[in-house]
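Descriptive analysis of the structure
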Amino acid sequence: MATAGAATLLPGVSSAEGASAWVKLPTEAYRGKQDDVFFIDEAIGWYGNGAGKLYKTVDGGQTWTKQLDRPGTFVRALGFIDEKLGFFGNLGPDYFPNVSDDMPLYRTRDGGETWRPIEINGPAVKGICAIDVFKEPIVNAGHLDHKVTVRAAGRVGGPAHLVTSVDRGETWSSEDLSASTGMILDIRFVSDQVGFICGATSAKVAESRALILRTADGGRTWSPVYEGSRPWELTWKMSWPSERVGYVTIQSYNPDATVSQRYVAKSTDAGLTWNEAPLIDNPQVREFGIGFVDEQLGWVGAVPTGFETRDGGATWTPVAMGAAVNKIRIIPKQRGGYAVFAVGAELHRRDLPA
């Protein structure tokens, strides 16, 4: 796999503007793409990988403690309600080699020291690719509290299932969404009622077109709001810097090198409509994660290198943020500014001033 230093492989884009302050964090070496990182604040966070390993930091990524080492489990997605209560999704068997664990979802009550499988009511779930933790502010007995809804969904290659908990992860129910999408790669709610799914029109990638689903009733019903016109494509990850503006990466697996234009989908009307914006014309590029600090500044993780925009996706420049970045987490700092974490083949951090 090429490294992030391969920006020179991308013709037509100057790397002069791609210089960044991304800092590689001291993590255990891993071959391939690691899929998720999750921070509850700028200091406490976790990341996991397909080797069944999960790590925790309490100092913003300077040091890490291994909390899980379970060969056969694929740590695909992470989500925490607070520093103690969290969840990870397992990709499940029969897709990648050496993955034998058939329990799709796990919970910790002690900050990751111990993990227990979760019982899910409803249709059997094969695997999980994404977790969304949505907190709706409410007043409870005269105090500010939150109504917490946790949703987990998957998987790549199908089948497509959505798993939901409305009681902080105590009970879960599943729903088969195979009639609406062939896969679920990401899920994100921007309000209590409005949410989105990154999907694909078919579980067979050669027949698939990129797909985005939207719900306006809390997930009871889903409707397509974007469907690509090209085969071999699917939507992968999304970022919502505001309720009205959202971005989604579009992956292409087309073996025809002449089909070389890569796109990002963007909505400016709360996800009702989407337009494709060009990222780069290069068949070597495959997109993964995406993250925006605000409606203008954001990044796309990809191979062989990542990209940065400062104008809402109108233009992109290569940036050394690590290869195959699959997830970008943007964490507000207590004293202002942001800590941005990007996990892929490696784990990088970038600090932005207030």
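In case you missed it, the structure is sitting above this.
The structure contained in this document is the topic of the report that follows. (Residues numbered from 1 in each chain as written. Predicted model: local features only at pLDDT ≥ 70, side-chain atom pairs only at ≥ 80, totals over all residues. Heavy atoms only, no water.)

Strand pairing in a sheet relies on backbone hydrogen bonds. The paired strands run either parallel or antiparallel. Pairing within the open sheet is antiparallel, and its four strands lie in the order β10-β11-β12-β13. The open sheet is flanked by β10 (130-140) and β13 (173-176), the only strands paired with a single partner. On average, each strand axis in the sheet is tilted by 20° relative to the strand beside it, whichever way the strands run. Inspection of the sheet shows strand β11 (residues 143-154) paired to strand β12 (residues 161-165) by five bridges, in the antiparallel sense. Within β12, the residue paired with arginine 151 across the bridge is threonine 164. (Pairing = 2+ DSSP bridges. Helix = DSSP H or I, 4+ residues; strand = E, 2+ residues; numbered from the N terminus. Axes fitted to C-alpha atoms, helices over the stretch in contact; angles between N-to-C directions.)

Another aspect to go through is unusual backbone geometry. A cis amide bond, omega 0°, links glycine 154 with the succeeding residue arginine 155. In this model, glycine 158 is joined to proline 159 through a cis peptide bond whose omega is -5°. A positive phi angle, close to 60°, is found at arginine 168, a residue other than glycine. On the secondary structure map, arginine 168 appears in the loop between β12 and β13. The class for arginine 168 is partly exposed, based on a relative accessible area of 34%. Despite not being glycine, alanine 270 shows a phi value in the positive range, around 65°. (Buried < 20%, exposed > 50% of the residue type's maximum accessible area, 1.4 Å probe, protein only.)

Attention shifts here to the pairing of strand β4 (residues 53-57). One face of the sheet, then the other: side chains in a regular strand alternate in exactly this way. Most of β4 sits inside the fold, with five of its five residues counted as buried. Of the two faces of β4, the one lined by Lys53, Tyr55 and Thr57 and the one lined by Leu54 and Lys56 are each fully buried. Examined bridge by bridge, strand β3 (residues 45-48) and β4 share four bridges and lie antiparallel to one another. The residue bridging glycine 48 from the neighbouring strand is leucine 54, located in β4. Hairpin connection of β3 to β4: four residues between the antiparallel strands, including glycine 52 at a positive phi of 80°. Sheet topology places β4 next to strand β5 (residues 65-69); four bridges connect them, and they run antiparallel. By the bridge assignment for β5, lysine 56 is matched with threonine 65.

What the four strands build is an open sheet, ordered β18-β19-β20-β21; its pairing is antiparallel. Two strands in the sheet have a free side with no partner beyond their single neighbour: β18 (233-239) and β21 (275-281). With direction set aside, neighbouring strand axes in the sheet form an average angle of 30°. Examined bridge by bridge, β18 and strand β19 (residues 246-252) share five bridges and lie antiparallel to one another.

Attention now moves to the packing of aromatic side chains. Taken as a whole and judged by the stated rule, the model has 20 aromatic pairs. For the pair phenylalanine 196 and tryptophan 240, a centre-to-centre distance of 4.4 Å together with 25° between the ring planes defines the contact as stacked. Remark: tryptophan 240 occurs in the loop between β18 and β19 and phenylalanine 196 occurs in strand β15 (residues 195-200); sequence separation between them is 44 residues. For the pair phenylalanine 196 and tryptophan 240, one class covers both residues: buried. Put simply, the rings of Phe38, Trp46, Phe80, Phe88, Tyr106 and Trp115 touch in pairs and so form one group of aromatic residues. Its guanidinium or amino end placed over the ring of phenylalanine 189, arginine 151 lies 3.4 Å from that ring's centre, counting from NZ or CZ. A cation over an aromatic ring shows up here: lysine 237 above the ring of tryptophan 236, its NZ or CZ 5.8 Å from the ring centre. (Phe/Tyr/Trp six-rings, centres within 6.5 Å; stacked < 30°, edge-to-face > 60°. Lys NZ or Arg CZ within 6 Å of the ring centre and 35° of its normal.)

Any link to function would need more than the numbers given here.
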